[in-house]
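Fold and geometry: a report
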Amino acid sequence: MGNLKLRGISILLGLGLAGMAGTAQAAPCMEVVLTGVQGGPPVFQGQAGAGTLVRYGTEENKCSDVLLQFDAGRGTTQQLSKIGVPVGKLNAVFFTHVHSDHSEGLMDMMQLRWHFNSGGPKIDMVCSDDITAPKGHIMSCRSYGANLGAALIASGEMAQRLAENPKRLPGGPSELLNIMTFMGSDDAQTVWEKGDVKVTAVKSRHVPGHASYRVDTPAGSVVIGGDAGNDTPAPPRNASTSAQVEALAQGADVVVHSVIHPIMGPDGESGFPPPIYFRQSTATDLGGLSQRAGVKHLMLTHHIPPLGASKQGPYPVKKGGLSADDYIQAVRESGYDGNIVIGPDLTKLRLVAE
Ligand SMILES: [Zn+2]
């Protein structure tokens, strides 16, 4: 935790510091909150699944004019409730990809919205177009959103609730989604805009249809890398990180990225499957990316393995569990001299324009 000043932007970071930004002014502020830091499908001590809230506004309204959720793993709604953000107030939800650990929290988020906010407004759901994978199946974020309520409709719950309150939308939670897809591209393209806030996206490699995002606001900028890895799926290659994410991150204030610790690599005796290891970005390579791109703050999320966990799913962690310092050390090996942020769910960082 701390309070520092860099290039005219003051920064507050840590847990539970909302409302402590000094003298309340109408200065623009952007806050980045890790709503869930769990990496992959395992569970560990109640950590929420992957997700990041980016909020923008003024210090007066605690950065609450625009609320953007990037990925929504399990428990996202609960974590947002801990910081006083009702899901009915989110403007948009963006998906890096449709792996369940990044997307399964959308169901209860939207069911809750349907229950109490059925009159709208709709929420924008932004992700890549349908894409056919090399083995022939289709990865479809659009279908995921469009079919969110299918089980609830099949069970009769929707009909029952509509009988109790016919003002609700008959199609269930999907009807409250405004699904906006884009064709993934190596070059950044604008995919969402509202006032001073602009979101751009690039295509990045992990599974087909994976995208990484950048949010630009007058208070600062943040890149959400997701699970991006290098286009070359395994060594030899110059780094495990994505060249597209590195280009997107040029001059950004903050990079939020999924991380894997080198201890899970093929030399680490964990038995973790090498192809899964190689498609993530390592802590050390994320430091290298951030250094080359001039990024001031690197926020590590989707920790593989979780902090303190003796296993990642069934795979043992050699040291019996990693500390935040273990991750920081691995990043510093790259020579990165910026700020490294790693912590539990709801770790956050605030930038304020002066
Ligand atoms: Zn993931």
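Residues numbered from 1 in each chain as written. Predicted model: local features only at pLDDT ≥ 70, side-chain atom pairs only at ≥ 80, totals over all residues.

**Quick look at the confidence of the model for the chain**
Averaged over every residue, the pLDDT of the chain is 93; residues scoring 70 or more account for 93%. Counted against residues more than four places away or in other chains, residues 15-22, with its pLDDT under 50, gives 12 contacts. (pLDDT = per-residue confidence, 0-100. Contact = placed C-beta atoms within 7 Å.)

**A short note on the packing of helix 9 (residues 283-293) against helix 10 (residues 324-332)**
Interhelical geometry of helix 9 versus helix 10 gives an angle of 50 degrees and a closest axis separation of 6 Å. The orientation of helix 9 with respect to helix 10, classified from their angle, is oblique. Crossing of helix 9 over helix 10 shows right-handed handedness. Counting all contacts with helix 9, which are made through A283, T284, L286 and G287, the residues of helix 10 involved are Y327, A330, V331 and R332. Split into classes, the residues belonging to the contact of helix 9 with helix 10 amount to 5 nonpolar, 2 polar and 1 charged. (Axes fitted to C-alpha atoms, helices over the stretch in contact; angles between N-to-C directions. Helix = DSSP H or I, 4+ residues; strand = E, 2+ residues; numbered from the N terminus. Parallel < 35°, antiparallel > 145°, perpendicular 65-115°, else oblique. Left-handed = near helix turned anticlockwise from the far one by under 90°. Nonpolar A, V, L, I, M, F, W, Y, C, P; charged D, E, K, R; others polar.)

**Details of the pairing of strand 7 (residues 123-128)**
Most of strand 7 is tucked away, with 5 of its 6 residues classed as buried. The pairing of strand 7 with strand 10 (residues 177-182) spans 6 bridges and is parallel. Bridging from a neighbouring strand, C127 pairs with T181 of strand 10. (Buried ≥ 20, exposed ≤ 12 C-beta atoms within 10 Å, placed from the backbone. Pairing = 2+ DSSP bridges.)

**Concerning the nonpolar core**
In this structure, V54, F94, V222, V223, V255, L298 and M299 are the most contacted members of the largest nonpolar core, which totals 84 residues. If near-sequence neighbours (up to four positions away) are discounted, V255 is found in contact with V223, G225, A249, S290, V295, L298 and M299. (Core = buried A, V, L, I, M, F, W, Y, C linked by C-beta atoms within 7 Å.)

**With respect to the sheet that holds strand 14 (residues 220-224)**
Spatially, 11-12-13-14-15-16-19 is the arrangement adopted by the 7 strands of the open sheet, whose pairing is mixed. Each having just a single partner strand, strand 11 (189-194) and strand 19 (339-341) make up the two edges of the open sheet. Along the sheet, successive strands turn relative to each other by an average axial angle of 20 degrees, direction set aside. Sheet topology note: the strand 12 (residues 197-203)/strand 13 (residues 211-217) ladder contains 6 bridges and is antiparallel. Directly across from K203, in strand 13, lies its bridge partner A211.

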